[in-house]
Amino acid sequence: MVYLVMSVLAVVWIIMMWCVVVHVFMRGWGPHIRSRKTAKVEVRAQIKTKHGRKEYCYATQREEYVHKVLVFECEDGIERDYAVPDRVWDVSMEGDKGVLTYKGELFVDFNSGSAQEDLDAMFARLTRR
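Everything numeric here is computed off the predicted structure, so don't read it as measured data.

*Asks:* Explanation requested: the sheet that holds strand β2 (residues 62-74) in the structure shown.
*Replies:* Strand pairing in a sheet takes place through backbone hydrogen bonds and is either antiparallel or parallel in direction. Pairing in this open sheet of 5 strands is antiparallel, and the strands run β3-β2-β1-β4-β5 from one edge to the other. Bordering the open sheet on either side are β3 (79-83) and β5 (106-112), each of which pairs with just one other strand. Across the sheet, the axes of successive neighbouring strands diverge by a mean angle of 35°, strand direction being ignored. With 5 bridges joining them, β2 and β3 adopt antiparallel strand pairing. Residue pairing in the sheet places Phe72 in a bridge with Arg80 of β3.

Take a look at the structure:
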């Protein structure tokens, strides 16, 4: 009898733990999965601010941005902030206007309509010369 009760409790415990695992997965990955399934949206936007968090990099022996966020002021009146890759962060400036492409909560691309800096000026700005 004791073995039967222990077996039932073990099965109930296993079922409850799997329910918790599925719930945690859906709460954590659910928004990301739903954003990946939505269609791409393009909207005219302007870069309002650039936020970044710096941390010390032991490999290069200097501080580098590890989390790069751009805040976009869109023409539909909504401010959207996205973590952006290096290729967008390095060439963007506050006030740049262009077309923001996103899928749900995920950043896809930002094509600036304003004149870009020439490569020498960008190199000088990035290397602080």
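*Asks:* Honestly, the pairing of strand β4 (residues 97-103) in this entry has me stumped. Any pointers?
*Replies:* In terms of burial, β4 is a largely internal element, 5 of the 7 residues being buried. Both β4 and β5 contribute to a ladder of 6 bridges, which runs antiparallel. Counted as the bridge partner of Lys103 is Leu106 from β5. Hairpin connection of β4 to β5: 2 residues between the antiparallel strands, including Gly104 at a positive phi of 65°.

*Asks:* Sorry if this is basic, but what is going on with the layout of surface pockets here?
*Replies:* Volume-wise, the largest pocket comes out at about 490 Å³. Around the largest pocket sit 14 residues that line it, and Tyr65, Trp89, Asp90, Leu126 and Arg128 are the ones nearest its centre. The set of elements that each furnish at least two residues to the lining of the largest pocket consists of β1 (41-57), β2, α2 (86-91) and α3 (119-127). Examining the composition of the lining of the largest pocket, we find that 5 residues originate from one element, β2, more than from any other. Of the residues that constitute the lining of the largest pocket, the class distribution is 4 nonpolar, no polar and 10 charged.

*Asks:* For this particular structure, what's the right way to read the side chain of Lys103?
*Replies:* With respect to the helices, strands and loops of the structure, Lys103 is situated in strand β4. Buried and unpaired, Lys103 has no salt bridge, with Glu42 as the nearest side chain of opposite charge at 12 Å. Side-chain polar atoms of Lys103 contact the backbone oxygen of Arg36, separated by 3.0 Å. Not counting chain neighbours up to four residues away, the residues in contact with Lys103 comprise Ser35, Arg36, Thr38, Ala39, Lys40 and Val108.

Quick notes on the rules
Residues numbered from 1 in each chain as written. Predicted model: local features only at pLDDT ≥ 70, side-chain atom pairs only at ≥ 80, totals over all residues. Heavy atoms only, no water. Pairing = 2+ DSSP bridges. Helix = DSSP H or I, 4+ residues; strand = E, 2+ residues; numbered from the N terminus. Axes fitted to C-alpha atoms, helices over the stretch in contact; angles between N-to-C directions. Buried < 20%, exposed > 50% of the residue type's maximum accessible area, 1.4 Å probe, protein only. 1 Å grid on protein atoms, 1.4 Å probe; cavity = no way out; pocket = protein on both sides within 12 Å on 5 of 7 lines; lining within 4 Å. Points joined across faces, edges and corners; volume = space filled by probe spheres on them. Nonpolar A, V, L, I, M, F, W, Y, C, P; charged D, E, K, R; others polar. Lys, Arg positive; Asp, Glu negative; His and termini not counted. Salt bridge = Lys/Arg side-chain N within 4 Å of Asp/Glu carboxyl O. Polar contact = N/O pair within 3.5 Å; in protein donor to acceptor, adjacent residues only side chain to side chain. Contact = heavy atoms within 4.5 Å.

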